[in-house]
Amino acid sequence: MDRAPGLSVRLKLTLSYAGLLMLAGALLLAAVWVFLLRGVPAGALVPNLSGLLRAFDPHNFGPRVFGPAAAEVLAFLLVFGLLGGWLLAGRMLAPLARITDGTRMAANGSLSHRIRLPGRKDEFRELADAFDAMLARLEAHIAEQQRFAANASHELRTPLAITQSLLDVARNDPARGTGELIERLRAVNARAIDLTEALLLLSRADQRSFTREHVDLSLIVEEATETLLPLAEKHGVTIETSGDTTPTIGSHALLLQMTTNLVHNAIVHNLPEQGTVWVTSSVHPKSVALTVENTGEKLTPQLVATLAEPFQRGTKRIRTDHAGVGLGLAIVKSIAQAHDGTLTLTARDAGRLRVTVQLPAAPPHTGR
């Protein structure tokens, strides 16, 4: 934004200090005149500022003497106020100049720079610390976005490369049957579509572009488990649900997608047979929680810490169908954060994973 040039803050503070000092001096001299010297006979004219010391002697000082002395005092206060105000303002605004330099560096793309303003806590230090924290979060966010873009490009390139290879084979061998080719192209295209839809859903959750309404997580759990029940029965996995009414505020569609992803992952990442998935919704004083647990092999804490990152699939899937695109828990994390909630992943002692999503509870007046 273009702005007209104006006075610097330092000059404004200097003039303010000097003006305040002049005003105080004028009021003090006026008080001396009104209460001590009014009506006193005039004496000899005071030649310099030292004559003011005789201002309280009625025989030597009068109205004609007090005027020049007061002018000398005000002139001295003006010079002292301007000089002292300029030095004091420069000292007080030195941290602001350092913050400004840091801001310019950040505006030029240097997000790794930190102000690190020394000294005790005050308004300038709080501003510098807040700016450093903002830069740290911004740098981490940009790095995460760059990694995500690189991973997304790689994932999207894979089905396209497979499609290109299949088409090259078909072109070089025209006598080969097209039935197998069409089926493989269909599978590759379906994977690309799933990945694109997952990326769009993740972007929608990050942007928080959704309408909030009153929802019940327990009903969403029932809806998600009923949808995935055929998949669970096909692979011999038992789903057990429990919980009371868990009211919260958010998008029904996104929360349903979040719950479906969690239950789907719990089914896909399970024992080869006779596996179990536990889905529990619970209410706390200020929050509601959705917990999904499953059976399976034991996981290390290091692996669990990476499962919510985009395109991190953890160990090799037991199921070859419903392979997913590596965005299931990343979408869950984004949806939870978009609803001001948290996602917690914990390795179960008996094996596999416990996933807990905590969301703010709905205000009491919005309940049914």
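Residues numbered from 1 in each chain as written. Predicted model: local features only at pLDDT ≥ 70, side-chain atom pairs only at ≥ 80, totals over all residues. Heavy atoms only, no water.

**Things to note about the overall build of the protein**
And step 1. When its secondary structure is counted, the protein shows eight helices and seven strands.
And step 2. Taking all 368 residues of the protein together, the buried fraction comes to 36%.
And step 3. Looking at the protein alone, contacts between residues at least 24 apart form 69% of all its contacts between residues at least 6 apart.
And step 4. Carbon and sulfur atoms provide 59% of the accessible area of the protein, an area that totals close to 22100 Å². (Helix = DSSP H or I, 4+ residues; strand = E, 2+ residues; numbered from the N terminus. Buried < 20%, exposed > 50% of the residue type's maximum accessible area, 1.4 Å probe, protein only. Contact = heavy atoms within 4.5 Å. Areas by Shrake-Rupley, 256 points an atom, 1.4 Å probe, with all protein chains shown as cover.)

**Side note on the sheet that holds strand S7 (residues 353–360)**
And step 1. The five strands are arranged S2-S4-S5-S7-S6 in an open sheet whose pairing can be described as mixed. Across the chains shown, the open sheet's two edge strands, defined by having one partner strand only, are strand S2 (237–243) and strand S6 (342–347). Strand-to-strand twist across the sheet, computed as the mean angle between neighbouring axes with direction ignored, equals 15 degrees.
And step 2. Summarising the sheet, S6 and S7 pair through six bridges and their orientation is antiparallel. The residue bridging leucine 343 from the neighbouring strand is valine 357, located in S7.
And step 3. Most of the contacts of helix H5 (residues 217–234) go to S2, to which it runs at about 170 degrees, and overall it touches S2, strand S4 (275–283), strand S5 (287–294) and S7.
And step 4. Here helix H6 (residues 252–268) sits on the sheet and contacts S2, S4, S5 and S7; the angle it forms with S5, its principal contact strand, is near 25 degrees. (Pairing = 2+ DSSP bridges. Axes fitted to C-alpha atoms, helices over the stretch in contact; angles between N-to-C directions.)

**Concerning the packing of H6 against helix H8 (residues 328–338)**
And step 1. For the pair H6 and H8, the least separation of the axes is 9 Å and the interaxial angle reads 145 degrees. The two elements H6 and H8 cross, and the hand of that crossing is left-handed. Contact residues: Leu254, Leu255, Gln257, Met258, Asn261, Leu262 and Asn265 in H6; Gly328, Leu329, Ile331, Val332, Ile335 and Ala336 in H8.
And step 2. A class-by-class count of the residues in the contact of H6 with H8 yields nine nonpolar, four polar and no charged. (Left-handed = near helix turned anticlockwise from the far one by under 90°. Nonpolar A, V, L, I, M, F, W, Y, C, P; charged D, E, K, R; others polar.)

**So, the side chain of histidine 339**
And step 1. One can find histidine 339 in the loop between H8 and S6.
And step 2. The class for histidine 339 is buried, based on a relative accessible area of 2%.
And step 3. The residues touching histidine 339, leaving out its near neighbours within four places in the chain, are Phe210, Arg212, Ile249, Gly250, Ser251, Leu254, Leu255, Leu359 and Pro360.

**Some remarks on the pattern of salt bridges**
And step 1. One pass over the structure, following the stated rule, counts five salt bridges.
And step 2. Note that glutamate 139 is salt-bridged to arginine 114, the shortest N-O span being 2.8 Å. Of the two residues, glutamate 139 sits in helix H3 (residues 123–172) while arginine 114 sits in the loop between helix H2 (63–107) and H3, which places them 25 residues apart along the sequence.
And step 3. Given the relative accessible area of 31%, glutamate 139 is considered partly exposed.
And step 4. The exposure class of arginine 114 is buried, given its relative accessible area of 15%.
And step 5. Put simply, arginine 352 and glutamate 297 hold a salt bridge, and the shortest N to O gap is 2.9 Å. One end of the pair, arginine 352, is in the loop between S6 and S7; the other, glutamate 297, is in the loop between S5 and helix H7 (301–304), and 55 residues separate them in sequence. (Salt bridge = Lys/Arg side-chain N within 4 Å of Asp/Glu carboxyl O.)

**Quick look at the pairing of S4**
And step 1. Looking at chain direction, S2 and S4 are connected through seven bridges and run parallel. Of the residues in S4, the one forming a bridge with glutamate 240 is tryptophan 278.
And step 2. Here S4 pairs with S5 via seven bridges, running antiparallel. Directly across from threonine 280, in S5, lies its bridge partner threonine 291.
And step 3. Counting the residues that bridge the hairpin from S4 to S5 gives three residues.

**A closer look at a nonpolar patch on the surface**
And step 1. Taken together, the side chains of Leu15, Leu78 and Leu82 make up a nonpolar region of the molecular surface, amounting to roughly 230 Å² of accessible area.
And step 2. Mapping leucine 82 onto the fold places it in helix H2.
And step 3. Residue leucine 82 is classed as partly exposed on the basis of its relative accessible area of 34%. (Patch = residues over 30% accessible without salt bridge, like charges linked within 9 Å, V, L, I, M, F, W, Y side chains within 5 Å.)

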